[in-house]
Structure formats: structure tokens, C-alpha cells
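For reference, the chains in residue letters:
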Amino acid sequence: LVHRMLQTLPDVAPQARARAARDFLARPVHRLDQDSINELLAETFAVLNHPDYADLFGPKSRAEAPVAGVIGATAISGRIDRLVVGTDIVKVLDFKTNRPPPLKSGDVSPVYIRQMAAYRSLLEKIYKNHTIECILLWTDGPRLMPLNAKLLDAYAP
């Protein structure tokens, strides 16, 4: 549910986001009590309203950006949670809701590192003159975890 709100709320006018989020979480299909709704709202808005994340959820960012291609003999297809293409940097953001989240990138599941390394490899072919910056956003906290190039290189397809 947090992932879905982080995907859709940036496209909602800021003054209407709280109401839209509350209405979404209050749907009977979710079967949430008021305490759970409040907890999910707090977690989501801690991310959306955090000043360090402004460009990742700003008007120049895209949600659920499809990416596909072939690297070597490996076909890759996926959806990037948030993508920001700047003048010389492309930021790739993936949301993770693990509890508790790892504290350092060396403790991140290899599945997540492989995913981000694959996205970076594809985007390097598209944005040849850009630096590709891969970031995990742990919603529990919330906390950004940039992944360094050396780590990603070890898992590149």
C-alpha cells in the first residue's frame, strides 16, 4: 500500500494528497483499522515530504517507468519505481518496505542489487553521457541508500 501511494500521490495536487491517501486506505478491500491507516499515512508522507527526496517525487520524475533491452545475452525487462532524468544524472529509485531495513548496502539482498545493476546497465546504453545513480528508498525510516558503482558492477549482467 505504501508503494502504491508513493507511486500515485506525486501526481495528485499537494493540497489533495492527504485526502486521496486516506480515501485509498479506507477502502473496505484493505481491511485496515484507524491505527493502521494512520501508520501507513505517516510512513508515506514522511517520504513524500522529506526535503532530501524532493526531486525524486517532483514534477520531473516519472513513476513506474518501463525499461527493457538486452545486455550481452541477457534480456531484461522491468519497471523503475521512480526515474528522474537530469542534465547529466539519471536517478533510479526503487522502494523497499523491508522491516527492519539493512543499515548498509553490503547487507542488501543480492536480488535487489542485481535488479538495480540491470536497470543501470540498460540506462547506460540510453543515456550515454549521464551518470546513472541507483538508490534504494527504505520506507521504514525513511532512508535513502545510494548504491555505489563498485557494488553494482559486481552484479551487472
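Residues numbered from 1 in each chain as written. Predicted model: local features only at pLDDT ≥ 70, side-chain atom pairs only at ≥ 80, totals over all residues. Heavy atoms only, no water.

Participant: With reference to specific residues and values, describe the side chain of S61.
Facilitator: Looking at the element boundaries, S61 is found in strand β1 (residues 61-71). Side-chain polar atoms of S61 contact the backbone oxygen of G58, separated by 2.7 Å. Of the polar contacts made by the side chain of S61, one reaches the side chain of R82; its length is 2.5 Å. Leave out the neighbours within four places in its chain, and S61 touches D55, L56, R82, L83 and V84. (Helix = DSSP H or I, 4+ residues; strand = E, 2+ residues; numbered from the N terminus. Polar contact = N/O pair within 3.5 Å; in protein donor to acceptor, adjacent residues only side chain to side chain. Contact = heavy atoms within 4.5 Å.)

Participant: With reference to specific residues and values, describe the packing of aromatic side chains.
Facilitator: Per the counting criterion, the structure on display carries two aromatic pairs. A ring pair is formed by F57 and F95, whose centres lie 6.0 Å apart and whose planes are at 10 degrees; its orientation type is stacked. Taken together, the positions of F57 in the loop between α3 (34-48) and β1 and F95 in strand β3 (residues 89-96) put the pair 38 residues apart, joining distant regions of the chain. Each member of the pair F57 and F95 is classed as buried. With a centroid separation of 6.2 Å and 55 degrees between ring planes, the pair formed by Y112 and W138 is classed as tilted. Here W138 lies in strand β4 (residues 131-138) and Y112 lies in helix α4 (residues 110-126), a separation of 26 residues in the sequence. Residue classification places Y112 among the buried positions, given a relative accessible area of 18%. The ring of Y112 carries the charged tip of K96 above its face, separated from the ring centre by 3.8 Å. (Phe/Tyr/Trp six-rings, centres within 6.5 Å; stacked < 30°, edge-to-face > 60°. Buried < 20%, exposed > 50% of the residue type's maximum accessible area, 1.4 Å probe, protein only. Lys NZ or Arg CZ within 6 Å of the ring centre and 35° of its normal.)

Participant: Help me get a handle on the pairing of β3, residues and values and all.
Facilitator: Buried residues dominate β3, accounting for seven of its eight residues. Direction of pairing for strand β2 (residues 74-85) relative to β3: antiparallel, over a ladder of four bridges. For R82, the partnering residue across the bridge sits in β3 and is L93. Sheet topology places β3 next to β4; eight bridges connect them, and they run parallel. (Pairing = 2+ DSSP bridges.)

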